[in-house]
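# Fold and contact review
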Amino acid sequence: MLPNLIEYHRPTTMSGALRLLARRKVRTVPLAGGTALVPSRDPSVEAVVDLSALNLAGIQWHAQQAHLGAMTTLQTLASDEIAQRYANGLLTEAARVCATRHIRNVATVGGTLVAGDAACDLLVALLALDARVTVRIRRIRTLALDEFLNAPSAYVDGGIITRVNFPYLQIPHGAALVRIARAPSDAAIVNAAAFVVLDGGMCKQVRLALGGVAPRVIRAASVESELEGRAWDDALAARIAEQFAASLTPPSDARASSEYRREMAAVVAPRALQQAWARAQGD
Ligand SMILES: Cc1cc2nc3c(=O)[nH]c(=O)nc-3n(C[C@H](O)[C@H](O)[C@H](O)COP(=O)(O)OP(=O)(O)OC[C@H]3O[C@@H](n4cnc5c(N)ncnc54)[C@H](O)[C@@H]3O)c2cc1C
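Residues numbered from 1 in each chain as written. Predicted model: local features only at pLDDT ≥ 70, side-chain atom pairs only at ≥ 80, totals over all residues.

### Notes on the nonpolar core
Filter applied, for reference: By convention the nonpolar core is taken to be a set of buried residues drawn from Ala, Val, Leu, Ile, Met, Phe, Trp, Tyr and Cys and joined through C-beta atoms within 7 Å. Here a residue counts as buried when 20 or more other C-beta atoms sit within 10 Å of its C-beta, as exposed when there are 12 or fewer, and as partly exposed otherwise, the C-beta atoms being derived from the backbone. Helix and strand definitions here come from DSSP, where helices need a minimum of 4 consecutive H or I residues and strands a minimum of 2 consecutive E residues; each element is numbered from the N-terminal end. We call two residues in contact whenever the C-beta atoms placed from their backbones are within 7 Å.
Counting 94 residues, the largest nonpolar core has V124, A128, A194, L208, A269 and A272 as its most contacted members. At nine residues, the largest contribution of residues to this core is made by helix 13 (residues 258–280). Setting aside its immediate chain neighbours within four residues, A194 contacts A128, A175, A176, R207, L208, A272, L273 and A276.

In C-alpha cells, the structure reads:
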C-alpha cells in the first residue's frame, strides 16, 4: 500500500488529469494497473490519478504503424490476433511470459515502461521492434523507447504516456525471443529479442535487444550495424553476438552473478538472431 496516500482522482479528460499531475504541493502520480506502484510502498506519494477513464486502452494496426494505447493490459496484448501473427508473435509471447495471468489482467503497457524492469521481456521485445513512446505533458512528445529508458521517471514527470507505436512491416522479416529463467514461468534472468528484415539473401535491418545484463534493457547497436547490409552468415552472427556479450559487465544480485549473466548473454543473443533469421526465411 501507499502509506501516505490522501487523494484518489479518476478524471475523464486529459486536461483534467494533467492539471492534477502538475500540482507541486501534493505529490501526485499516475495510477495504471497499480501492480508496481502499490507494492512499492512509496512514502512520497500523496495522490494518485487513475488513468482508466481517459480512453487510452486499445491496439490499432494501421497500414505501416501499430499503436498500443498506454492503458492496454498485458493480457489484451497477449490475446490480440494480429499481434499473435506479426513478427512471429514476438509481442504476444513477451507479454505472456512477462507476468502471470492475474498480473497481466491489470498491468498495462504504460506502467511496464515506467517500471522499467531490467529484464522485462516486453521491453526487450519492444526495443527490438523499434518502438517509440508518446508522452503528453504540456505538449506532446514522441521519443525512441531506447532514449526513454535512460530515465523513464524524468520523461514522464508531471505527464502521461499516451501510447507506444512501432513499424508494422509488410516485407519479409523474422523475430525471436529467447530467455533464461529458473523455471519457464519465472521472471527472466537474461533474455534477448531479435528482429531481422530480409532483402533477398541480405540482411536489410537487424535489431537485437538484451535484458538482465545492465541496469536497464539495452540494444546491441554494434551487433546490428555489423550485420546489416551483409549476406547472412550464421557463424559470423554468433561470433559478433558472443563478442558483444563478452564486453558486458552485468550487475550481480540474488538471482544470478555477473559472470553467469554474461555467459548466458553469449547464449541467448546468438540464438535469438539465428532463430529470427530462420523464421524470416520461412523455416
Ligand atoms: C507478483 C508480481 C510479479 C511481477 N512480475 C513482473 C515481471 O516478471 N516482469 C516485469 O517487468 N514486471 C513485473 N512486475 C511489475 C509490474 O507488474 C509491471 O512492471 C507492470 O507491468 C506495471 O504496470 P502497471 O500498469 O501495474 O503500472 P502501475 O503500477 O500502475 O505504475 C507503475 C509506474 O508507472 C507510472 N505510470 C503508469 N502508467 C503511466 C502512464 N500511462 N503514464 C505515465 N506514468 C505511468 C506510475 O505512476 C508508476 O510510477 C510484477 C509485479 C508483481 C506484483
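### Here's the deal with the domain arrangement of the protein
Operational definition: Segmentation into domains, and thus their bounds, comes from an automatic or database assignment. Under this grouping Gly is polar, as are all residues other than the nonpolar Ala, Val, Leu, Ile, Met, Phe, Trp, Tyr, Cys and Pro and the charged Asp, Glu, Lys and Arg.
For the protein, the assigned domains are domain 1 (7–50), domain 2 (59–167) and domain 3 (173–280). For domain 1 versus domain 2, the separation of C-alpha centres amounts to 20 Å. At the interface, eleven residues of domain 1 touch 13 residues of domain 2. The biggest single contributor to the side of domain 1 that touches domain 2 is helix 1 (residues 14–22), with five residues. Its residues assigned to classes, the side of domain 1 that touches domain 2 shows eight nonpolar, three polar and no charged.

### Considerations on the site of the ligand
So the rule is basically this: Using a C-beta atom placed from the backbone for every residue, we mark a residue as near a molecule or strand if that atom lies within 6 Å of it.
If you check the shell around the ligand, you find 28 residues, and the closest are G33, G110, G111, V114 and A115. Its residues placed into classes, the shell around the ligand shows 20 nonpolar, seven polar and one charged. The residue makeup of the shell around the ligand includes at least three contributed by each of domain 1 (7–50) and domain 2 (59–167).

### Focus: helix 13
For the α-helix, the turn length of 3.6 residues means that residues three or four positions removed from each other point alike. Short version of the rule: To estimate the expected span of a helix, count its residues, drop one, and scale the result by 1.5 Å.
The end-to-end C-alpha distance of helix 13 is 33 Å, a good match for the 33 Å that 23 residues give at a rise of 1.5 Å each. Backbone geometry just downstream of helix 13 places G282 in the positive-phi region, at approximately 85°.

### Focus: the packing of helix 5 (residues 90–98) against helix 8 (residues 121–128)
Stated formally: Structural elements are reduced to axes, namely lines fitted to C-alpha atoms, with helices fitted over the stretch in contact, and the angle between N-to-C directions of any two is expressed from 0 to 180 degrees. Here the angle decides the label: under 35 degrees means roughly parallel, over 145 means roughly antiparallel, 65 to 115 means roughly perpendicular, and every other value means oblique. Handedness of a crossing follows from how the near helix is turned relative to the far one, being left-handed for an anticlockwise turn of less than a right angle and right-handed for a clockwise one.
At their nearest, the axes of helix 5 and helix 8 sit 7 Å apart, and the two run at 165° to each other. Comparing the axis directions of helix 5 and helix 8 gives the class roughly antiparallel. Note that helix 5 runs across helix 8; the crossing there is left-handed. Here L90, L91, A94, A95, V97 and C98 of helix 5 lie close against helix 8, whose contacting residues are D121, L122, V124, A125 and A128. When its residues are assigned to classes, the contact of helix 5 with helix 8 shows ten nonpolar, no polar and one charged.

### Some thoughts on the sheet that holds strand 10 (residues 190–199)
This is how the line gets drawn: At least two DSSP bridges between two strands are required for those strands to pair.
With respect to topology, four strands assemble into an open sheet ordered 9-10-11-12, the strand pairing being antiparallel. Edge positions in the sheet fall to strand 9 (173–180) and strand 12 (218–219), since each of these pairs with one other strand and no more. Judged from the nine bridges that link them, strand 10 and strand 11 (residues 202–211) form a sheet pairing that is antiparallel. Each residue of the ladder has a partner; that of N191, found in strand 11, is G211. With respect to the sheet, helix 5 is in contact with strand 9 and strand 10, its orientation differing from that of strand 9 by roughly 15°.

### Some thoughts on the packing of helix 12 (residues 234–246) against helix 13
Between helix 12 and helix 13, the shortest axis-to-axis distance is 8 Å and the interhelical angle comes to 150°. Comparing their axes, helix 13 and helix 12 come out roughly antiparallel. Here the hand of the crossing between helix 12 and helix 13 comes out right-handed. Contacts from D234, A237, A238, A241, E242, F244, A245 and A246 of helix 12 reach helix 13 at R262, A265, A266, A269, P270, L273 and Q274. A breakdown of the residues in the contact of helix 12 with helix 13 according to their chemical character gives eleven nonpolar, one polar and three charged.

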